[in-house]
Amino acid sequence: METSSERKSKPFIVKRNLLKDQIVNILREKILMVQIPQGTRMVERDIAEILNVSRIPVRDALLLLESEGLVENSPSGRKVITLVEEDLIKINQIRTTLEKLAVKLFIQAADPKTIDGLDDLLNKMNDAFQKKEIKRFILCDIQIHQYIWNHTNNQYLYGILNSLLGPISIIVSNHAINFDWKKTKLLHDELISYIKKGDISGSGKSIEMHMADSLERSMMCLQEQDETETHYVSELAMVFGEE
């Protein structure tokens, strides 16, 4: 039988985990929607004050965002990652190679149920496109790629691609914010059409087109980006206040 002290300890653990998850979701969304810009210092104390929470769940949330690659720990403290031209080129190079391998392994391993799951994600993406729901469109884009990675039957490939999730998420979000979504939608339609046919060659070429378009758009975003001083999270109280 549980003691009263044991019963009291359980809600605290659950509450803390839920609070950490809520903070992660808030910060991740603000980063991806560029409401917290690249290079912003993520000061634990300031975030805790803005969100009116203790520093412990904020610390846990920042550690998780760091593991996702959205936040990095530098000598000056944690900050949102900054992607420069060299980063974008290198990420695109390795992603093109690994995404082509992923679709090949996915096709070789997929059963009808797995294909249906991918098709369902594409339908959700198209629904978000029709309803002009940008946050859901971005999420579906990312989830489609993660779904393919996760069904390659190669945990090492999944691990490598998932380690790039933070930068990839920022790239995907920037494209959705700055460009017409139609081309992104059509590229995904084409890719999944090839996958459903079991066409490894066609899927590989589709990935190459997808990644070439991604790099071109990323470079355009970089050129248009204004040079600004480093942002500090203490200046973002107004952004969080919109919740």
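Residues numbered from 1 in each chain as written. Predicted model: local features only at pLDDT ≥ 70, side-chain atom pairs only at ≥ 80, totals over all residues. Heavy atoms only, no water.

Section: the overall build of the chain
Next, step 1: Assigned secondary structure in the chain consists of eleven helices and two strands.
Next, step 2: Pairs at least 24 apart in sequence give 74% of the contacts found in the chain among residues at least 6 apart.
Next, step 3: Summed over all atoms, the accessible surface of the chain reaches about 13,400 Å², with 52% contributed by carbon and sulfur. (Helix = DSSP H or I, 4+ residues; strand = E, 2+ residues; numbered from the N terminus. Contact = heavy atoms within 4.5 Å. Areas by Shrake-Rupley, 256 points an atom, 1.4 Å probe, with all protein chains shown as cover.)

A short note on the packing of helix 2 (residues 44-51) against helix 3 (residues 55-68)
Next, step 1: Look at helix 2 against helix 3: their axes get within 9 Å of each other, and the N-to-C directions meet at 120 degrees. By the angle class used here, helix 2 and helix 3 are oblique. As helix 2 runs across helix 3, the sense of the crossing is right-handed. For the pair helix 2 and helix 3, the contacting residues are E44, R45, I47 and A48 in the first and R55, V58, R59 and L62 in the second. (Axes fitted to C-alpha atoms, helices over the stretch in contact; angles between N-to-C directions. Parallel < 35°, antiparallel > 145°, perpendicular 65-115°, else oblique. Left-handed = near helix turned anticlockwise from the far one by under 90°.)

Looking at the confidence of the model for the chain
Next, step 1: Per-residue confidence for the chain gives a mean pLDDT of 88; residues scoring 70 or more make up 85%.
Next, step 2: Note on residues 7-14: pLDDT is under 50 here. Beyond four places in sequence and across chains, it has two contacts. (pLDDT = per-residue confidence, 0-100.)

Examining the nonpolar core
The nonpolar side chains of soluble globular proteins are, as a tendency, buried together.
Next, step 1: With 35 residues, the main nonpolar core has F106, L118, I144, I148 and I195 as its most contacted residues.
Next, step 2: Breaking this core down by element, the ones donating at least two residues are helix 4 (85-109), helix 5 (112-131), helix 6 (134-150), helix 7 (155-162), helix 8 (165-178), helix 9 (182-197) and helix 10 (200-224).
Next, step 3: No other element matches helix 6, which puts eight residues into this core.
Next, step 4: Setting aside its immediate chain neighbours within four residues, F106 contacts T114, I115, L118, Y147, I148, H151, T152 and I195.
Next, step 5: Judged by nonpolar contacts, the second largest core, of 23 residues, contains I23, V58, L70 and I91. (Core = buried A, V, L, I, M, F, W, Y, C linked by side-chain atoms within 4.5 Å. Buried < 20%, exposed > 50% of the residue type's maximum accessible area, 1.4 Å probe, protein only.)

Regarding the pairing of strand 1 (residues 71-74)
Next, step 1: Of the pairings in the sheet, the one linking strand 1 to strand 2 (residues 77-80) comprises four bridges and is antiparallel in character. Each bridged residue has a counterpart across the sheet, and for V71 the counterpart in strand 2 is V80. (Pairing = 2+ DSSP bridges.)

Let's talk about the pattern of salt bridges
Think of it this way: side chains of opposite charge can pair up when their charged atoms draw near.
Next, step 1: For the coordinates displayed, the defined rule picks out 18 salt bridges.
Next, step 2: Its salt-bridge partner being E68, residue R28 comes within 2.6 Å of it at the nearest N-O pair. Here R28, found in helix 1 (residues 4-32), pairs with E68, found in helix 3; they are 40 residues apart in sequence, far enough to count as distant.
Next, step 3: Measuring nitrogen to oxygen at the nearest pair gives 3.0 Å for the salt bridge that ties R59 to E44. On the criterion of sequence distance, the pair formed by R59 in helix 3 and E44 in helix 2 is long-range, its members being 15 residues apart. (Salt bridge = Lys/Arg side-chain N within 4 Å of Asp/Glu carboxyl O.)

Observations regarding the environment of S218
Next, step 1: Looking at the element boundaries, S218 is found in helix 10.
Next, step 2: Residues S218 and L83, 135 residues apart in the sequence, show an inter-C-alpha distance of 9.7 Å.
Next, step 3: Within the local environment of S218, its side chain forms a polar contact with the backbone oxygen of S214, the two atoms lying 2.8 Å apart. (Polar contact = N/O pair within 3.5 Å; in protein donor to acceptor, adjacent residues only side chain to side chain.)

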